[in-house]
Amino acid sequence: MALDESLVSLSAVELRRLIGARQVSPVELLEACIERIAQVNPYINAVTATAYERAREEARQAERAVLAGQPLGLLHGLPLGVKDLEPTAGVLTTYGSPLYRGHVPAEDVELVARLRRAGAIVAAKTNVPEMGAGANSRNAVWGATGNPFNPNLNAGGSSGGSAAALACDMLPVCTGSDTGGSLRIPAAKCGVVGFRPSPGVVPSARKPLGWTPISVVGPMGRTVADACLQLAASAGAHAGDPLSYPLDPLQFLQPRPADLGALRVAYTEDFGACAVDDGIRAAFRAKIAAMRHLFAACDPVEMQLGEVHRCFDVLRAEAFVAGMRDAYEKDPDSLGPNTRANYEMGAAMSLLDSAWAQAEQTRVLKRFQQVYADYDLVLAPTTPVSPFPWTQLYADTINGEPQENYYRWLALTYVVTLTTHPALTLPCGRDAQGMPFGLQVIGPFRADLQVLAAAQAMEQAFAGIEALRRPLPDLAALRPAEPALTSIITAPPTLPAGGQGGAVSAV
């Protein structure tokens, strides 16, 4: 069939409306997405394993439900891309690790189960770094994900495959998760929306340390409304995440856009602690100058948050020790360099380190609250550098300053992680290199709705300002990456009998 360009480019919200109005068939939409993936994925390698045959049957069932006038879920008939850290029943789930080349889970993780109950149709998995370690979505199983604006550059991570798939209109709904910035960074680099909700809003049932607030799952979308749609379908309590709590998920469905003219906004280039490239600082200042008239106040703010880097080092390492101990003790060489470095850092720490980090995180939270005595929101850049070649594992220097480890360049987002405040990355024009610029919008403690309402109003306002509106990739101009995005694969994924998956080139 010929690809209906206008169909795949529609928002998830609009597609769901059209399905409910019997103006678009779930079967038609799925086939259009499959065709777009076939056309574009070879250039960016965002989609990994696929489940097309099962998805086609579910799309036919969804179509019959519409025609029969049955009740429809929030995501009824929408093709879904699931980050390859989330277990999916009957669909290859590798975590980007050679240890799991043939792993096909028997059950969906709770996040996926909720989205499917809401009517979403799992069409494919999306690429990640090995075990989610780092912000460059490349691994030895599937290769690297290239940026939709230039496949030679990285798409961020760890939700890089989801961000790139959304940016290229391959799928209308994709999942993400965030510890140090894994939702926000790829969204910023690919020009889409990524929302890190407050801990417990969306249950994260797969994290090994159930009581930690630093790891969350959350929605991504091409628009704020699309992210809200997924959030409404996934939020709410679940015993698999002890930090989750009862709430009304439908409150997120259509938040009323905030009155920007009544908001007092603070902004910071670096939180007083983060290395940021001079070009990104200049771009951020230009963005602030272009938007400050929208707000009641838009002022710079100085912050002294404490030992944020060491604090995050310890808390992050704890999580990797909890999740990777068995694999490391069995064969340390089976882990990639990032994953192994995190484990070994944590294994060398003591109870004194852990206790200090827990206490310092509490102090960071209290210090961060001070700015909200005078302001409603804090704005900051999402990433400190423009996208760099995917062949470079991480940003090892910023402005000539060597970075201490492979994730130190994520400080602009992991500082916010430590505060546990809700934060959203909003597309905000381009940087000096012509690549997407992501604006980090950080709300008060547990003020998720406030962040979403403000972001929705900002998105609407930015659409009328050339320097701030969401950039779109030129898919017709895509050329193969050099070297090939699959060049780091050591062997193709293997599937057990009956398992589903995609070829190494994804489709």
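Residues numbered from 1 in each chain as written. Predicted model: local features only at pLDDT ≥ 70, side-chain atom pairs only at ≥ 80, totals over all residues. Heavy atoms only, no water.

Under an unreviewed UniProt entry, the name given to the protein is Amidase, and the source organism is Bordetella genomosp. 2.

A. Spotlight on empty space enclosed by the protein. Considering all chains together, one arrives at 2 cavities of 30 Å³ or more under this definition. Space inside the largest cavity adds up to approximately 50 Å³. Residue lining of the largest cavity: A188, K189, I280, T383, V385, S386, P387, D431, P436, F437 and G438, and that is the complete set. Residue assignment for the lining of the largest cavity shows that the elements contributing at least two residues are helix 7 (184–190) and strand 17 (436–442). Looking at the lining of the largest cavity, the element that brings in the most residues is strand 17, giving 3 residues. Grouping the constituent residues of the lining of the largest cavity by class yields 6 nonpolar, 3 polar and 2 charged. Lining the second largest cavity are E86, V109, E110, L111, P203, S204, A205, R206 and V217. (1 Å grid on protein atoms, 1.4 Å probe; cavity = no way out; pocket = protein on both sides within 12 Å on 5 of 7 lines; lining within 4 Å. Points joined across faces, edges and corners; volume = space filled by probe spheres on them. Helix = DSSP H or I, 4+ residues; strand = E, 2+ residues; numbered from the N terminus. Nonpolar A, V, L, I, M, F, W, Y, C, P; charged D, E, K, R; others polar.)

B. Inspection of the packing of aromatic side chains at higher detail. Per the stated rule, a full pass over the model turns up 10 aromatic pairs. Ring plane angle 25° and centroid distance 4.2 Å describe the contact between Y328 and Y343, whose orientation is recorded as stacked. Of this pair, Y328 sits in helix 10 (residues 308–330) while Y343 sits in helix 11 (residues 337–347), placing them 15 residues apart in sequence. We classify Y328 as buried; its relative accessible area is 17%. Taking the centre distance of 6.4 Å and the plane angle of 70° together, the rings of Y407 and Y414 count as edge-to-face. Since its relative accessible area comes to 0%, Y414 is described here as buried. Taken together, the ring pairs in this structure connect F312, Y394, Y406, Y407 and Y414 into an aromatic cluster. Positioned above the aromatic ring of W356 is the side chain of R310, whose terminal nitrogen or guanidinium carbon lies 3.9 Å from the ring centre. (Phe/Tyr/Trp six-rings, centres within 6.5 Å; stacked < 30°, edge-to-face > 60°. Buried < 20%, exposed > 50% of the residue type's maximum accessible area, 1.4 Å probe, protein only. Lys NZ or Arg CZ within 6 Å of the ring centre and 35° of its normal.)

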